[in-house]
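Tertiary structure, described
Each chain, written out:
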Amino acid sequence: MLEDKNKKRKIGNIPYIYPIPMALVGANVHGKPNFELVGDLGLMGIKPALVYISSGNTHYTNVGILENNTFSINFPRTDMLALAEHCGTVSGRDEDKSGLFEVFYGELQTAPLIQECPVNLECKVMKEFSIQHRQIFVAEVVQTYVDDSLVEEKNGNLIFAELAKFDPIIYTLGDRYYRIGKSISVGNNRKRRKTRS
Ligand SMILES: Cc1cc2nc3c(=O)[nH]c(=O)nc-3n(C[C@H](O)[C@H](O)[C@H](O)COP(=O)(O)O)c2cc1C
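What this report covers is the structure whose coordinates are included nearby. Quick caveat, the model's predicted, so the values are computed rather than measured.

Moving on, we get to the pairing of strand 5 (residues 50–56). Of all seven residues that make up strand 5, five are buried, and the element is covered over most of its length. For strand 4 (residues 41–45) and strand 5, the ladder comprises four bridges, and the chain directions are antiparallel. In the strand pairing of strand 5, Leu 41 is matched with Ile 53. A loop of four residues connects strand 4 with strand 5, the two strands running antiparallel in sequence. Relative to strand 10 (residues 134–146), strand 5 runs antiparallel, the two sharing seven bridges. Directly across from Tyr 52, in strand 10, lies its bridge partner Val 138.

This next bit is on the site of the ligand. Taken together, 23 residues surround the ligand, and among them Leu 37, Gly 56, Thr 61, Ser 91 and Gly 92 come closest. A distance of 3.2 Å separates an oxygen atom of the ligand from a polar atom in the side chain of His 59. With respect to the ligand, the side chain of Thr 61 contributes an N or O atom lying 2.5 Å from an oxygen atom. For the ligand, the protein covers 86% of the area, taking 650 Å² as the surface of the free molecule. For the shell around the ligand, the secondary structure elements donating two or more residues are strand 3 (32–38), strand 5 and helix 2 (60–68). Per-element tally for the shell around the ligand: the top contributor is strand 3, with four residues. Looking at the shell around the ligand, its residues break down into eight nonpolar, eleven polar and four charged.

This paragraph deals with the sheet that holds strand 2 (residues 23–29). Strands pair in a sheet through their backbones, by hydrogen bonds, and they do so in one of two ways: parallel or antiparallel. The seven strands lie next to each other as 3-2-6-9-10-5-4, forming an open sheet whose pairing is antiparallel. Edge strands, defined here as strands with exactly one partner in the open sheet, are strand 3 and strand 4. Each strand of the sheet is rotated relative to its neighbour by a mean of 35°, with strand direction disregarded.

With that out of the way, let us pick up the sheet that holds strand 13 (residues 169–172). Reading across from one edge, 1-13-14 is the order of the three strands in this open sheet, with antiparallel pairing throughout. Taken across any chain shown, the strands that pair with only one partner, and hence form the sheet edges, are strand 1 (20–21) and strand 14 (176–179). Pairing geometry for strand 1 and strand 13, over two bridges, is antiparallel. Counterpart to Ile 20 in the pairing with strand 13 is Tyr 171.

The rules we used
Residues numbered from 1 in each chain as written. Predicted model: local features only at pLDDT ≥ 70, side-chain atom pairs only at ≥ 80, totals over all residues. Heavy atoms only, no water. Buried < 20%, exposed > 50% of the residue type's maximum accessible area, 1.4 Å probe, protein only. Helix = DSSP H or I, 4+ residues; strand = E, 2+ residues; numbered from the N terminus. Pairing = 2+ DSSP bridges. Near = heavy atom within 4 Å. Polar contact = N/O pair within 3.5 Å; in protein donor to acceptor, adjacent residues only side chain to side chain. Areas by Shrake-Rupley, 256 points an atom, 1.4 Å probe, with all protein chains shown as cover. Nonpolar A, V, L, I, M, F, W, Y, C, P; charged D, E, K, R; others polar. Axes fitted to C-alpha atoms, helices over the stretch in contact; angles between N-to-C directions.

Here's what the structure looks like:
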């Protein structure tokens, strides 16, 4: 019955805004790349692209972000889950994570980008503040790198491949990871995009 289906259960102070794609946030700590798994991240603006990450204030990655005012956001594919989880459970204070990935550098020179990840955002910190036990880093995206197989240019527009081809790791409550499904619309998104800034 409809009423039963829509009946609500109060579950308390639970951040049910999932699904969220998991990212490996990279920073150079004392000249060496370090990566942590981050799910608490998001968009703050589109033009220019503005993002934020929320990172525990004791995390080793934060040391590097504060040192250089730069970091990277790298989205691993589902076949990188084991490595991603490793970066989410082991701290760079206890283990050197610099050799886990092939690293390249972009325009900022100090934000380590992961070659194996199909999408990389190179970020410059604009604002940092602490809240509860987290440090929030708001950053401008200075460059975005995408695997050549996932994007093409047609008449000056970027055409993005189906997300299934990108294959990001999607996380939700209950420590569950998912793979992305099928696209349900193309046309409407294009119309909307023109009205966004
Ligand atoms: C699925 C998952 C999501 C996580 N998301 C975050 C997050 O959003 N923010 C955060 O501070 N830590 C998050 N962590 C924990 C860090 O990745 C973890 O503490 C890491 O070891 C910190 O590494 P570091 O000390 O080398 O920076 C997450 C871990 C997992 C497994």
